[in-house]
Amino acid sequence: MSECIFCEILAGRAPCHRVYEDDLVLGFMDAFPVAPGHTLVIPKQHAENLFEIDADSLAGVSRVSRKLALGIRKALDPDGVMVMQLNGAAAGQTVFHYHAHLIPRAQGSTLSLHPRIPGHAEELENWASKIRFALD
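Residues numbered from 1 in each chain as written. Predicted model: local features only at pLDDT ≥ 70, side-chain atom pairs only at ≥ 80, totals over all residues. Heavy atoms only, no water.

K.L.:
Hey, could you run me through the environment of Lys-44 in this one?
P.N.:
Here Lys-44 is to be found in the loop between β3 (39–43) and α2 (55–76). Along the chain, Lys-44 and Gln-93 lie 49 residues apart, while their C-alpha atoms are 18 Å from each other. Apart from residues lying up to four places away in sequence, Lys-44 is in contact with Leu-10, Glu-21, Asp-22, Asp-23, Leu-24 and Val-25. At a separation of 2.7 Å, a polar atom in the side chain of Lys-44 contacts the main-chain carbonyl oxygen of Asp-22. (Helix = DSSP H or I, 4+ residues; strand = E, 2+ residues; numbered from the N terminus. Contact = heavy atoms within 4.5 Å. Polar contact = N/O pair within 3.5 Å; in protein donor to acceptor, adjacent residues only side chain to side chain.)

Here it is in C-alpha coordinates:
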(Lines give C-alpha, C1' and ligand atoms only; values in the text may rest on other atoms or scores of the structure.)
Protein backbone atom coordinates (compact mmCIF):
# COMPACT_ATOMS: atom_id res chain seq x y z
CA MET A 1 0.00 0.00 0.00
CA SER A 2 2.48 2.62 -1.20
CA GLU A 3 -0.08 5.43 -0.82
CA CYS A 4 -0.31 4.78 2.95
CA ILE A 5 2.36 6.63 4.93
CA PHE A 6 2.02 4.20 7.84
CA CYS A 7 2.60 1.23 5.52
CA GLU A 8 5.66 3.11 4.19
CA ILE A 9 6.91 3.51 7.76
CA LEU A 10 6.34 -0.19 8.46
CA ALA A 11 8.26 -1.10 5.27
CA GLY A 12 11.17 1.10 6.33
CA ARG A 13 10.69 3.50 3.40
CA ALA A 14 9.63 6.45 5.58
CA PRO A 15 11.23 7.60 8.84
CA CYS A 16 9.71 7.60 12.29
CA HIS A 17 10.82 7.87 15.90
CA ARG A 18 10.02 4.40 17.21
CA VAL A 19 8.91 3.91 20.77
CA TYR A 20 7.80 0.26 20.76
CA GLU A 21 7.43 -2.63 18.33
CA ASP A 22 6.26 -6.22 18.47
CA ASP A 23 4.92 -8.76 15.97
CA LEU A 24 1.52 -7.04 15.60
CA VAL A 25 2.00 -3.37 16.45
CA LEU A 26 4.29 -0.35 16.09
CA GLY A 27 4.28 2.67 18.40
CA PHE A 28 6.00 5.87 17.29
CA MET A 29 5.97 9.63 17.78
CA ASP A 30 3.38 11.59 15.80
CA ALA A 31 5.28 13.72 13.27
CA PHE A 32 2.74 16.51 13.88
CA PRO A 33 2.35 16.37 17.67
CA VAL A 34 -0.44 18.28 19.38
CA ALA A 35 1.42 17.92 22.70
CA PRO A 36 4.89 16.79 23.81
CA GLY A 37 4.95 12.98 23.77
CA HIS A 38 2.03 12.54 21.30
CA THR A 39 2.41 8.90 20.28
CA LEU A 40 0.67 6.79 17.62
CA VAL A 41 -0.03 3.07 17.85
CA ILE A 42 -0.70 1.23 14.58
CA PRO A 43 -1.27 -2.38 13.57
CA LYS A 44 1.30 -3.86 11.21
CA GLN A 45 -1.47 -5.28 9.07
CA HIS A 46 -3.13 -2.54 7.04
CA ALA A 47 -6.76 -1.85 7.91
CA GLU A 48 -8.36 1.47 7.07
CA ASN A 49 -10.47 1.85 10.20
CA LEU A 50 -12.24 0.20 13.13
CA PHE A 51 -14.68 -1.45 10.75
CA GLU A 52 -11.88 -3.30 8.88
CA ILE A 53 -9.29 -4.19 11.52
CA ASP A 54 -9.06 -7.85 12.56
CA ALA A 55 -9.59 -8.82 16.19
CA ASP A 56 -5.95 -9.81 16.88
CA SER A 57 -4.58 -6.51 15.54
CA LEU A 58 -7.18 -4.53 17.47
CA ALA A 59 -6.29 -6.37 20.66
CA GLY A 60 -2.60 -5.67 19.97
CA VAL A 61 -3.23 -1.94 19.51
CA SER A 62 -5.25 -1.86 22.71
CA ARG A 63 -2.60 -3.77 24.70
CA VAL A 64 0.25 -1.60 23.44
CA SER A 65 -1.77 1.61 23.90
CA ARG A 66 -2.05 0.80 27.59
CA LYS A 67 1.64 -0.07 27.85
CA LEU A 68 2.69 3.14 26.12
CA ALA A 69 0.22 5.28 28.11
CA LEU A 70 1.83 3.95 31.28
CA GLY A 71 5.25 4.76 29.82
CA ILE A 72 4.12 8.28 28.87
CA ARG A 73 2.79 8.83 32.38
CA LYS A 74 6.02 7.62 33.96
CA ALA A 75 8.34 9.47 31.56
CA LEU A 76 6.54 12.78 31.08
CA ASP A 77 4.24 13.09 34.11
CA PRO A 78 1.26 14.65 32.29
CA ASP A 79 -1.92 15.55 34.15
CA GLY A 80 -3.71 13.02 31.93
CA VAL A 81 -3.40 10.99 28.72
CA MET A 82 -6.08 11.21 26.07
CA VAL A 83 -6.63 8.14 23.88
CA MET A 84 -8.24 9.06 20.57
CA GLN A 85 -9.15 7.02 17.51
CA LEU A 86 -10.93 8.43 14.42
CA ASN A 87 -12.83 6.55 11.70
CA GLY A 88 -13.49 8.22 8.36
CA ALA A 89 -12.84 11.69 6.99
CA ALA A 90 -16.01 13.04 8.59
CA ALA A 91 -14.61 12.02 11.99
CA GLY A 92 -11.30 13.76 11.31
CA GLN A 93 -9.25 10.76 10.13
CA THR A 94 -6.48 11.96 7.81
CA VAL A 95 -4.33 8.81 7.50
CA PHE A 96 -6.46 5.89 6.42
CA HIS A 97 -4.61 3.18 8.33
CA TYR A 98 -6.15 2.34 11.71
CA HIS A 99 -4.29 4.08 14.52
CA ALA A 100 -4.73 5.27 18.07
CA HIS A 101 -3.42 8.59 19.35
CA LEU A 102 -1.97 8.79 22.87
CA ILE A 103 -1.86 12.47 23.75
CA PRO A 104 -0.39 13.69 27.04
CA ARG A 105 -2.58 16.46 28.46
CA ALA A 106 -1.89 19.30 30.85
CA GLN A 107 -4.74 20.64 32.98
CA GLY A 108 -6.37 23.58 31.16
CA SER A 109 -4.50 23.12 27.87
CA THR A 110 -6.31 23.57 24.56
CA LEU A 111 -6.41 20.90 21.90
CA SER A 112 -6.74 20.81 18.14
CA LEU A 113 -6.99 17.52 16.29
CA HIS A 114 -4.45 18.12 13.52
CA PRO A 115 -2.53 21.39 13.68
CA ARG A 116 -0.24 20.21 10.84
CA ILE A 117 2.79 21.78 12.47
CA PRO A 118 5.66 19.31 12.20
CA GLY A 119 7.59 18.42 15.31
CA HIS A 120 11.35 18.93 15.48
CA ALA A 121 13.26 15.68 14.99
CA GLU A 122 15.38 16.23 18.10
CA GLU A 123 12.32 16.77 20.30
CA LEU A 124 10.51 13.76 18.82
CA GLU A 125 13.51 11.52 19.43
CA ASN A 126 13.96 12.91 22.95
CA TRP A 127 10.33 12.12 23.83
CA ALA A 128 10.58 8.68 22.19
CA SER A 129 13.73 7.92 24.17
CA LYS A 130 12.16 8.99 27.47
CA ILE A 131 9.06 6.87 26.86
CA ARG A 132 11.13 3.84 25.71
CA PHE A 133 13.22 4.13 28.89
CA ALA A 134 10.08 4.28 31.04
CA LEU A 135 8.55 1.08 29.62
CA ASP A 136 8.62 -1.86 32.00
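K.L.:
For this particular structure, what's the right way to read the sheet that holds strand β4 (residues 80–84)?
P.N.:
Strands in a sheet are paired, the pairing made by backbone hydrogen bonds, and the direction either parallel or antiparallel. An order of β1-β2-β3-β5-β4 is seen for the five strands of this open sheet, with the pairing classed as antiparallel. This sheet does not close on itself; its edge strands, each paired only once, are β1 (18–21) and β4. Each strand of the sheet is rotated relative to its neighbour by a mean of 20 degrees, with strand direction disregarded. The sheet contacts of α2 involve β1, β2 (25–29), β3, β4 and β5 (100–105), and relative to β3 the element is tilted by about 160 degrees. Here helix α3 (residues 121–134) sits on the sheet and contacts β1, β2 and β3; the angle it forms with β1, its principal contact strand, is near 40 degrees. (Pairing = 2+ DSSP bridges. Axes fitted to C-alpha atoms, helices over the stretch in contact; angles between N-to-C directions.)

K.L.:
How do you make sense of the pairing of β2 when you look at a structure like this?
P.N.:
The side chains of a regular strand alternate between both faces of the sheet. Summarising burial for β2: five of the five residues are buried, a large majority. One ladder, built from three bridges, connects β1 with β2; its direction is antiparallel. Across the sheet, Arg-18 pairs through a bridge with Phe-28, a residue of β2. The turn linking β1 back onto β2 is made up of three residues. Here five bridges tie β2 to β3, and the two strands are oriented antiparallel to one another. Following the sheet pairing, Gly-27 is matched in β3 by Val-41. (Buried < 20%, exposed > 50% of the residue type's maximum accessible area, 1.4 Å probe, protein only.)

K.L.:
Please explain the packing of aromatic side chains as it appears in this structure.
P.N.:
Ring pairs (aromatic) are described by centroid distance and by the angle formed between their planes. Within the structure shown, the criterion is met by one aromatic pair. With a centroid separation of 5.6 Å and an interplanar angle of 80 degrees, the aromatic rings of Phe-6 and Phe-28 are classed as edge-to-face. Residue Phe-6 is found in helix α1 (residues 5–10), and its partner Phe-28 is found in strand β2; the two are separated by 22 residues along the sequence. Assigned by exposure class, Phe-6 and Phe-28 land together as buried. (Phe/Tyr/Trp six-rings, centres within 6.5 Å; stacked < 30°, edge-to-face > 60°.)

K.L.:
Which parts of the structure should I look at to understand a nonpolar patch on the surface?
P.N.:
The grouping of Leu-50, Phe-51 and Leu-58 at the surface amounts to a nonpolar patch, some 310 Å² of accessible area in total. In this fold, Phe-51 is placed in the loop between β3 and α2. (Patch = residues over 30% accessible without salt bridge, like charges linked within 9 Å, V, L, I, M, F, W, Y side chains within 5 Å. Areas by Shrake-Rupley, 256 points an atom, 1.4 Å probe, with all protein chains shown as cover. Salt bridge = Lys/Arg side-chain N within 4 Å of Asp/Glu carboxyl O.)

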